[in-house]
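Structural characterization, general
Letter by letter, the chains look like this.
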Amino acid sequence: MESLDNSVSLEKPTKQRGKTVVLAEPRSFCAGVQRAIDIVEAALERFGAPVYVRKQIVHNEHVVHDLETRGARFVDSEDEVPVGAICVFSAHGVSPAVRRGAADRELQVIDATCPLVAKVHQESRRFAEDRRTILLIGHAEHEEVEGTYGEAPERTLVVSTVDEVRALDLPRDAPLAYLTQTTLALDETREIIEAMEERFDDLRGPGSDDICYASQNRQNAVKAVAARTGLVLVIGSANSSNSVRMVEVARDAGTAAHLVPGPDDLDESWLAGVDSVGVSAGASAPGTLVDGLLRRLAALGYSTVEVERTATEDVVFGLPANLKGTA
């Protein structure tokens with residue numbers, strides 16, 4: 001789990017003085033990401049290297065590289081895993097077709113799918129059983145959407161904008177349901193759902209919001225930080241949907257913002273004329289990268305760090321049954 005370097009002092013929010021960093025809280029790993037990483041580490045401990053992981057376990061190249069050094073082997077398809085080997089499914093979930101492929105190869109599967117993503121899969125199956133057409137809000141190329149779509153491909157349409165909703169060739173009284181990729185921006189998703197409600201009469205949604213608590217919390221924290229600063233920096237990888245959304249949320253709030261994969265990627269020209277910098281990290285970004293960015297900023301004169309806390313997270317997801325008891 002993340003911890004701040006002792007060399008960086010944290011103070012309660014006060015009137016800003018000099019060059020200041022406003023640190024968003026919560027930030028960095030969520031419970032689903034932490035669980036997925038713990039699963040790979042526990043599998044390596046129990047079964048030894050190599051442990052094969054289908055796709056990136058979470059969307060962060062630093063996490064992937066660290067696990068590779070310990071013996072994890074990342075592959076694009078279950079077909080690349082030797083017959084009978086250990087195979088971990090990533091936090092983003094997989095389709096039934098992938099599960100069948102793994103069974104055909106007699107793989108020893110360990111499922112690291114985030115429980116909140118698994119919830120969306122369950123909802124997809126339920127709506128399909130009710131013979132509803134499913135409008136899946138998300139990005140078609142994202143692994144999470146690929147997995148959810150695969151639950152009922154013959155009944156699912158992927159939409160990502162209001163215009164795409166308006167262009168759907170479906171009658172107003174068609175029996176429909178909507179689901180959402182868990183890492184999207186709240187405001188954008190709300191607009192798409194409102195467009196669906198205006199367009200269709202028989203539309204059902206999930207029992208509870210599909211966008212995960214961690215994405216919501218990090219977006220809310222970024223909004224609060226953006227209101228106090230002249231620049232927001234979000235630690236995260238370019239293929240991390242929730243990290244990219246956080247940058248968009250800060251920009252929508254009227255503050256300049258950039259995605260920063262790691263401390264070395266900070267462009268010092270961004271800091272010109274900026275006295276206060278907001279810092280956060282996507283749900284798949286390690287806290288150690290935040291520590292490194294704070295040290296880099298401190299060396300550039302941003303030595304005062306204030307915390308903007310908008311929520312407290314205490315969610316913990318346990319290991320799957322086939323790894324229970326692993327130290």
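Summary of the structure given here. (Residues numbered from 1 in each chain as written. Predicted model: local features only at pLDDT ≥ 70, side-chain atom pairs only at ≥ 80, totals over all residues. Heavy atoms only, no water.)

Here we look at the pairing of strand β2 (residues 20-25)
Within β2, six of the six residues are buried, which leaves it mostly tucked inside the rest of the structure. Pairing of β2 with strand β13 (residues 276-281) involves four bridges; the strand directions are parallel. If you follow Val22 over to β13, its bridge partner there is Gly278. Pairing analysis gives six bridges linking β2 to strand β14 (residues 304-309), with the strands arranged parallel. Looking at β14, one finds that Val21 is bridged to Val305. (Buried < 20%, exposed > 50% of the residue type's maximum accessible area, 1.4 Å probe, protein only. Helix = DSSP H or I, 4+ residues; strand = E, 2+ residues; numbered from the N terminus. Pairing = 2+ DSSP bridges.)

So, the environment of Glu191
On the secondary structure map, Glu191 appears in helix α7 (residues 186-199). C-alpha of Glu191 to C-alpha of Val109: the two residues are 82 residues apart in sequence and 38 Å apart in space.

With respect to the nonpolar core
Core analysis: the largest hydrophobic core is formed by 26 residues, its most contacted members being Val40, Ile57, Val58, Val63, Val88 and Ile110. Element by element, the count of residues in this core is highest for helix α1 (residues 31-47), at eight residues. For Val58, the contacting residues outside a window of four places in its chain are Val33, Ala36, Val63, Val64, Ala91, His92 and Ser284. Judged by nonpolar contacts, the second largest core, of 20 residues, contains Leu23, Ala285, Leu293 and Val305. (Core = buried A, V, L, I, M, F, W, Y, C linked by side-chain atoms within 4.5 Å. Contact = heavy atoms within 4.5 Å.)

Examining the side chain of Arg245
By secondary structure assignment, the location of Arg245 is in helix α9 (residues 241-252). Residue Arg245 is classed as buried on the basis of its relative accessible area, which comes to 8%. Contact partners of Arg245, with chain neighbours within four places excluded, come to His139, Thr183, Leu184, Ala185 and Gln219.

Concerning α1
An ideal rise of 1.5 Å per residue puts 24 Å on 17 residues; α1 measures up with 24 Å between its terminal C-alpha atoms. Most of α1 is tucked away, with 12 of its 17 residues classed as buried. Those residues of α1 that fall on the buried side of the exposure criterion are Ala31, Gly32, Val33, Gln34, Arg35, Ala36, Ile37, Ile39, Val40, Ala42, Ala43 and Leu44. Positive backbone phi, at 80°, marks Gly48, one or two positions downstream of α1. (Expected span 1.5 Å × (residues − 1).)

Notes on the state of the cysteines
Counting across every chain of the model gives zero disulfides. Take Cys30: it sits in no disulfide, and the sulfur closest to it among the cysteines is that of Cys212, at 5.8 Å. You can call Cys212 buried: its relative accessible area is 11%. (Disulfide = S-S within 2.5 Å.)

Re the packing of aromatic side chains
As enumerated under the stated definition, the model contains zero aromatic pairs in all. Cation over ring: Arg126 sits above Phe127, and NZ or CZ is 4.6 Å from the ring centre. (Phe/Tyr/Trp six-rings, centres within 6.5 Å; stacked < 30°, edge-to-face > 60°. Lys NZ or Arg CZ within 6 Å of the ring centre and 35° of its normal.)

Brief notes about unusual backbone geometry
In this structure, Pro26 follows Glu25 across a cis peptide bond, with omega equal to 10°. By the secondary structure assignment, Pro26 is in the loop between β2 and α1. Omega for the peptide link from Ala49 to Pro50 comes to -5°, which places this bond in the cis form. Structurally, the position occupied by Pro50 is in the loop between α1 and β3 (51-54). Residues other than glycine seldom take positive phi values, yet Lys55 does so here, at roughly 70°. One can find Lys55 in the loop between β3 and α2 (61-70). Here the phi dihedral of Glu106 falls at roughly 55°; this positive angle occurs in a residue that is not glycine.

Some details on the sheet that holds strand β5 (residues 86-89)
An order of β4-β3-β5-β6 is seen for the four strands of this open sheet, with the pairing classed as parallel. A strand with exactly one partner marks an edge of an open sheet, and here the two such strands are β4 (72-75) and β6 (108-111). Going from strand to strand, the sheet's axes swing by 30° on average, the running direction of each strand aside. Examined bridge by bridge, β3 and β4 share four bridges and lie parallel to one another. The residue bridging Val53 from the neighbouring strand is Phe74, located in β4. (Axes fitted to C-alpha atoms, helices over the stretch in contact; angles between N-to-C directions.)

Points about the environment of Arg199
Note that Arg199 resides in helix α7. C-alpha of Arg199 to C-alpha of Asp130: the two residues are 69 residues apart in sequence and 21 Å apart in space. The residues contacting Arg199, other than those within four sequence positions of it, are Val165, Arg166, Ala167, Leu168, Leu170 and Arg172. Engagement of the side chain of Arg199 in a polar contact is seen with the backbone oxygen of Arg166, the distance being 3.3 Å. (Polar contact = N/O pair within 3.5 Å; in protein donor to acceptor, adjacent residues only side chain to side chain.)

Read these as spatial facts, not as claims about activity.
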